[in-house]
Amino acid sequence: MSSRNSQSSLELGRFVLRGALGATMIAHGVRHGRTLDGTAKWFGSIGFREPKLQAQLSSVVEVGAGAAVVLGAATPLAASAVVGTMGVAYRTVHQPNGYFIVSEGWEYVGFISAVALALSALGPGRRSVDGRLGLDEVGSPALRAATTLGLGLAGAAVQLKTFWRPSPS
């Protein structure tokens with residue numbers, strides 16, 4: 001495969017990852033926003049102290065991060081919002097249920113987080129907002145992925161510490 005074909009394949013792969021991940025996050029955020037009262041009740045049922053606020057923030061963060069991912073804008077930061085969202089979902093809902101999603105396990109949130117980390121490491125590509133600004137390959141792939149993981153987990157930890165009160169087992 002020529003260097004040009006290899007680069008075109010990489011650009012296509014980045015575009016597909018951005019579209020799939022971003023659209024998934026937007027869909028989740030829109031769903032939460034359209035069913036805000038139900039989402040708030042659910043957040044309350046799993047131990048969040050400010051369930052209405054959590055439902056609103058969840059919707060805004062998911063739509064915003066998803067849109068930024070689709071556009072390839074501030075990609076490591078947008079991907080960190082995805083990792084943080086999935087980290088909260090992992091800890092509050094999926095962790096005790098094992099791996100497989102059919103048992104409400106963490107398979108899905110783990111996969112979404114892995115895609116976000118991979119996209120951050122690869123960069124969004126030249127046909128992105130970051131690419132147009134010359135920011136698509138700032139730092140090494142490892143640094144971009146580490147930044148995404150660190151910010152995502154830190155954001156999840158702050159949210160959980162501030163708002164989540166799990167019921168005693």
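Remember, it's a predicted structure, so these values are computed and weren't measured experimentally.

Caption draft 1: Up close: unusual backbone geometry. Although it is not a glycine, Ala-74 adopts a positive phi angle of roughly 50°. Mapping Ala-74 onto the fold places it in the loop between helix H3 (51–71) and helix H4 (75–94). Judged by relative accessible area, Ala-74 falls into the partly exposed class, the value being 41%. Not every positive phi belongs to a glycine, and Glu-104 is a case in point at roughly 60°.

Caption draft 2: Just the packing of aromatic side chains, in detail. A full pass over the atoms with the stated rule returns five aromatic pairs. Between Phe-43 and Phe-48 the ring centres are 5.2 Å apart and the planes differ by 90°, which places this aromatic pair in the edge-to-face class. We classify Phe-43 as buried; its relative accessible area is 7%. Here the aromatic rings of Tyr-99 and Trp-106 are separated by 5.0 Å at their centres, their planes lie at 85°, and the arrangement is edge-to-face. Exposure remark for Trp-106: the relative accessible area of 32% places this residue in the partly exposed category.

Caption draft 3: Main features of the environment of Arg-165. Here Arg-165 is to be found in the segment after helix H7 (141–163). Note on Arg-165: relative accessible area 39%, which makes it partly exposed. A sequence separation of 117 residues divides Arg-165 from Phe-48, and the C-alpha atoms of the two residues are 6.0 Å apart. Not counting chain neighbours up to four residues away, the residues in contact with Arg-165 comprise Gly-47, Arg-49 and Leu-160. A distance of 3.1 Å separates the side chain of Arg-165 from the backbone oxygen of Lys-161, its partner in a polar contact.

Caption draft 4: Here's a closer look at the environment of Val-30. For Val-30, the position within the fold is in helix H1 (residues 3–34). By relative accessible area, which is 35% here, Val-30 ends up partly exposed. Between the C-alpha atoms of Val-30 and Asn-97, which are 67 residues apart in sequence, the distance is 26 Å.

Thresholds, definitions, all that
Residues numbered from 1 in each chain as written. Predicted model: local features only at pLDDT ≥ 70, side-chain atom pairs only at ≥ 80, totals over all residues. Heavy atoms only, no water. Helix = DSSP H or I, 4+ residues; strand = E, 2+ residues; numbered from the N terminus. Buried < 20%, exposed > 50% of the residue type's maximum accessible area, 1.4 Å probe, protein only. Phe/Tyr/Trp six-rings, centres within 6.5 Å; stacked < 30°, edge-to-face > 60°. Contact = heavy atoms within 4.5 Å. Polar contact = N/O pair within 3.5 Å; in protein donor to acceptor, adjacent residues only side chain to side chain.

These figures come from the coordinates and say nothing about function on their own.
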